[in-house]
Amino acid sequence: MPPAHPFDFDALSPFDDGDKLKEECGVFGVLGVADAANFVALGLHALQHRGQEAGGIVCHHPEFGFNSAHRFGYVRDNFTNATLMQTLPGPLAIGHVRYSTAGAKGAVIRDVQPFFGEFSMGGAAIAHNGNITNAIALRRELIERGSIFQSSSDSECIIHLMARSLQKGIPERMEDALRRVEGAFSIVAMTRTKLIGVRDPLGVRPLCLGKIGDGWVLSSETCALDIIGADYVREIEPGEMVVIDEKRGVQSHFPFRRVPSRFCIFEHVYFSRPDSIIGGRSVYETRRQIGVELAREAPVDADLVCPVPDSGTPAAIGYSQESGIPYAMGIIRNQYMGRTFIEPTEQIRNMGVRLKLNVNRALIRGKRVILVDDSVVRGTTSRKIKQMILDAGAAEVHFRIASPPTAWPCFYGVDTPQREKLLAATMNEEEMREHLAVDSLKFISLDGLYRAAGEAEGRNNKCPQYCDACFSGEYPVAPSDMIEKGFQLKAAE
Ligand code: SF4
């Protein structure tokens, strides 16, 4: 059976109609504190927005060796259990939260990271955020050469490549392995004594370094440093590997060929938490600025600016500030709507978006409403929200979208529907407006998004400062597995 691939798009979440792109992972690691696994559990809890379906922790104790726990569900439902946490002792631990495509394809515990490998020089565990774009080819080669895979995850290739390396140390073997890997990776790994962090040469996914007392922390986002009271030190740079131990502290080097970075611009729009700092910029501030740019690019006469909660909120605030149109909470989100609560039965699915969102009728009635959302993926949720607003008596509905049209799938660690299911892949803006049946629909331009993300001159088309492939179709790393499966790249202009 071919390996399930994270971008085997057929399985869409029954919980939200597959109408949002989903970050697939968050990683976190701590060295040099007592009971590091407890800190990792808290860090993973703060990174839960990056993956809700499963989580795992691996730790090491000088006397008790390596221990691990992998569980489905929220961190708070598993890694708060005192009995479980007592089985995870020691001053060094790493963890991972993941989103997998729903259904049987991803839902097996052996796919839950961190992955562990026993080498002649000792054990090592790795937690990976991103996606390996040549994983199918690597896996085929490794299996032909005798590797026995335990999971269907692309990330397991790294462990097998490490096992085949002739290097003496684990960090050196990891370097060797990662030189064979294409795509996006932000990795937190550990040996018995070392915490290791690596980012791919383009730095597509985030990874940062923190300090807690005498100890060190690696995290996908800064919001997870805050929860454990760690100080933010800096980002791990694209192409950088840091090897941290208690004696020598942080040792940094750059094992890959240096190339201009291409951080994922969608982290700014949607994936990262608004209280995180990325590239020295507040994610919240970037999102607010997107709203400012959007108001300049796409003004409209209206009575209210309302966010589609929660990710549209900062952009709606920015739009309101720039346009002078009052901001209002026209849609209220049920804060207690956990995925675990919803049984994905047909009956519940049909209730759809009303389970999560409700219109503030008294506010909306008779008003011309601007709805600000982060993105339009399939358009199904946008249609439902528009209908809810009209049913509540709105006079007009105008959509303003805080990202350009999402016309291409992501192959770098984000779950995306198949290209033909992306509304923007088959329709232009006016056709999408007609399809959504709204009074107006405008997306921020790519240049406007770049300006909001701190690039005053907009996008450098010769050498874009970010990865924006899901908008532009320009993939900074060729998705070779998907091309082999028949994916058509954008024709050269
Ligand atoms: S394709 Fe889109 S979501 Fe994927 S890494 Fe690039 S910008 Fe981010």
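This structure is a prediction, so every number in the text was calculated from the model and none was measured.

Criteria and cut-off values
- Residues numbered from 1 in each chain as written.
- Predicted model: local features only at pLDDT ≥ 70, side-chain atom pairs only at ≥ 80, totals over all residues.
- Heavy atoms only, no water.
- Axes fitted to C-alpha atoms, helices over the stretch in contact; angles between N-to-C directions.
- Helix = DSSP H or I, 4+ residues; strand = E, 2+ residues; numbered from the N terminus.
- Parallel < 35°, antiparallel > 145°, perpendicular 65-115°, else oblique.
- Left-handed = near helix turned anticlockwise from the far one by under 90°.
- Contact = heavy atoms within 4.5 Å.
- Nonpolar A, V, L, I, M, F, W, Y, C, P; charged D, E, K, R; others polar.
- Pairing = 2+ DSSP bridges.
- Buried < 20%, exposed > 50% of the residue type's maximum accessible area, 1.4 Å probe, protein only.
- Salt bridge = Lys/Arg side-chain N within 4 Å of Asp/Glu carboxyl O.
- Phe/Tyr/Trp six-rings, centres within 6.5 Å; stacked < 30°, edge-to-face > 60°.
- Lys NZ or Arg CZ within 6 Å of the ring centre and 35° of its normal.

(A) Quick look at the packing of helix H9 (residues 283–297) against helix H10 (residues 313–323). In the contact formed by H9 and H10, the axes pass within 6 Å of each other and the chain directions differ by 45 degrees. It follows from the interaxial angle that H9 and H10 lie oblique. The element H9 and its partner H10 pack so that their crossing is right-handed. Counting all contacts with H9, which are made through Tyr284, Arg287, Arg288, Gly291, Val292, Leu294, Ala295 and Arg296, the residues of H10 involved are Pro314, Ala315, Ile317, Gly318, Tyr319, Gln321, Glu322 and Ser323. For the contact of H9 with H10, the class distribution of residues is 8 nonpolar, 4 polar and 4 charged.

(B) Spatial organisation of the sheet that holds strand E8 (residues 183–190). Across the sheet, 6 strands lie side by side as E6-E7-E8-E9-E13-E14; this open sheet has antiparallel pairing. Edge positions in the sheet fall to strand E6 (115–119) and strand E14 (249–253), since each has one partner strand and no second. Averaged over all pairs of adjacent strands, the angle between their axes in this sheet comes to 20 degrees, without regard to strand direction. As paired strands, strand E9 (residues 195–199) and strand E13 (residues 241–245) are joined by 4 bridges and run antiparallel to one another. Note that in E13 the partner of Leu195 across the bridge is Ile244. Packing of helix H5 (residues 156–164) onto the sheet brings it into contact with E6, strand E7 (122–132) and E8, and relative to E6 it is tilted by some 10 degrees.

(C) Region of the structure containing the pairing of strand E18 (residues 304–307). Every second residue of E18 is oriented toward a common face, with Leu304 and Cys306 on one face and Val305 and Pro307 on the other, all of them buried. Two elements, E18 and strand E21 (residues 368–373), share 4 bridges in a ladder whose sense is parallel. Considered in E21, the bridge of Cys306 is made with Leu371.

(D) Fine view of the pattern of salt bridges. The final tally for this structure, using the stated rule, is 24 salt bridges. One salt bridge connects Glu285 with Arg288, and the closest N-O pair in it is separated by 3.0 Å. Placement of both Glu285 and Arg288 in helix H9 is noted, with a separation of 3 residues, approximately one turn of the helix. Under the relative-accessibility criterion, Arg288 is labelled buried at 18%. Where Glu474 meets Arg459, a salt bridge forms, and the shortest distance between an N and an O atom there is 3.0 Å. Residue Glu474 is located in the loop between helix H17 (469–472) and helix H18 (480–484), and its partner Arg459 is located in the loop between helix H16 (446–452) and strand E25 (466–467); the two are separated by 15 residues in the primary sequence. Within this structure, Glu293, Arg296, Glu297, Glu322 and Arg451 form a network of salt bridges that share partners.

(E) Fine view of the packing of aromatic side chains. Under the definition given, this model contains 13 aromatic pairs. Between Phe185 and Phe256, the aromatic rings sit 5.9 Å apart at their centres with planes inclined by 70 degrees, giving edge-to-face as the arrangement. With Phe185 in strand E8 and Phe256 in the loop between E14 and strand E15 (263–264), this pair connects stretches of sequence that are 71 residues apart. Each of the two residues, Phe185 as well as Phe256, counts as buried. Three or more aromatic residues link up through ring pairs in this structure, and these residues are Trp408, Phe411, Tyr412, Tyr475 and Phe487. Positioned over the ring face of Phe254 is Arg258, at 4.0 Å from the centre of the ring.

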